[in-house]
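# Observations on the three-dimensional arrangement
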Amino acid sequence: MTAVVKTGLVLAAACAMLSMSACADVGTHVKAPTKAVSIPEIQSVAGKWDGLLKRRPRTRGDDYVMLTIRPDGTYEFASARTIGVFGGTGTLQLMDGKLRSEGEQGHATYTLHERAGEQVLMVEGIDTTNDYKYRAELTRTR
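A brief look at the structure comes next. Source: prediction; values computed, not measured.

Scanning the protein chain from N- to C-terminus turns up one helix and 10 strands. Element order for the protein chain, N to C, with α for helix and β for strand: α-β-β-β-β-β-β-β-β-β-β. Within the span of the protein chain, comprising 142 residues, buried residues form 30% of the whole. A total accessible area of about 9100 Å² is found for the protein chain, and carbon and sulfur atoms account for 57% of it.

And the structure:
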C-alpha cells in the first residue's frame with residue numbers, strides 16, 4: 001500500500017470520527033475519575049488505542065490520534081491534522097509499571113488507568129525541539 005493511499009485512509013477515518021462526534025450531544029459531560037494501575041508487561045496493553053491529542057501551548061484545536069502497540073513493544077501512531085498526517089514509530093520500554101518512549105525530538109510516558117471498568121492509556125510527552133507538551137487520553141479501539 002502506498003504512502004498516499006495510507007494517508008488517504010487515515011484522513012478518511014479521522015473525518016468520519018470527527019463528523020460523528022460533531023453530531024453528539026454537546027451537554028455537560030463529567031468523566032468518572034480514573035485510578036492508576038501498574039502495567040505488568042507490554043503485552044497487557046498491546047492493541048489499538050485512539051483518542052484526542054492536546055498540545056500546550058494551545059495554538060489550534062485538538063487532534064485525533066491512533067496508536068498501535070505490538071506485543072514486542074514496537075508502536076506506531078498517526079494523528080490526523082488539518083494540515084496533514086503526523087505519525088511515527090518506535091519502541092517502548094517498561095519501567096516501574098509505566099511505558100516510556102524516547103526519540104531524537106522528545107520523549108513520552110504512558111500510564112495505564114481504569115475508569116468505570118474501562119482501560120485508559122494516558123500519554124504525556126514533550127517535543128524537546130520546541131518545548132511543546134502533549135497529552136492524550138486513549139481508550140482501546142472497538
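Having seen it, we continue.
Right, let's talk about the packing of aromatic side chains for a bit. Across all of its chains, the model carries one aromatic pair by this definition. Between the aromatic rings of Tyr75 and Tyr110, the centroid separation amounts to 6.4 Å while the plane-to-plane angle is 55 degrees, which identifies the pairing as tilted. In this pair, Tyr75 is assigned in strand E4 (residues 74-81) and Tyr110 in strand E8 (residues 106-115), connecting sequence segments 35 residues apart. In terms of burial, Tyr75 and Tyr110 fall into one category: buried. Lying over the aromatic face of Tyr132, Arg55 brings its terminal NZ or CZ to 4.0 Å of the ring centre.

The next point concerns the pattern of salt bridges. Scanning the entire structure with this criterion turns up four salt bridges. A salt bridge links Arg70 to Glu76; the shortest N-O distance between them is 2.9 Å. Owing to a relative accessible area of 32%, Arg70 belongs among the partly exposed residues under this scheme. A relative accessible area of 40% means that Glu76 is categorised as partly exposed. With a shortest N-O distance of 2.9 Å, Arg115 and Glu137 are connected by a salt bridge. Taken together, the positions of Arg115 in strand E8 and Glu137 in strand E10 (residues 132-140) put the pair 22 residues apart, joining distant regions of the chain. Look at Glu137 and you get partly exposed, because its relative accessible area is 25%.

About the thresholds
- Residue indices begin from 1 for each chain and proceed along its sequence in written order.
- This being a predicted model, a pLDDT of at least 70 is required before a residue's local features are given, and a value of 80 or more before pairs of side-chain atoms are given or counted; all residues contribute to the totals for chains, interfaces and linings.
- With hydrogens and water stripped out, all remaining heavy atoms of the structure feed into the side-chain values.
- Here a helix means four or more residues in a row that DSSP labels H or I, a strand means two or more in a row labelled E, and each is numbered from the N terminus.
- Summary of the burial criterion: residues with accessible area below 20% of their type's maximum are buried, those above 50% are exposed, and those between are partly exposed, where the area comes from a 1.4 Å probe applied to protein chains only.
- Values of accessible area rely on a 1.4 Å probe in the Shrake-Rupley scheme; residue burial ignores everything except the protein chains shown.
- Aromatic pairs are defined between Phe, Tyr and Trp rings, using the six-membered ring for Trp, whenever the two ring centres lie within 6.5 Å; interplanar angles under 30 degrees are classed as stacked, those over 60 as edge-to-face, and all others as tilted.
- Geometrically, a charge over a ring is one whose NZ (Lys) or CZ (Arg) sits within 6 Å of the ring centre while staying within 35 degrees of the ring normal.
- Put simply, a salt bridge is a Lys or Arg side-chain nitrogen that is within 4 Å of an Asp or Glu carboxyl oxygen.

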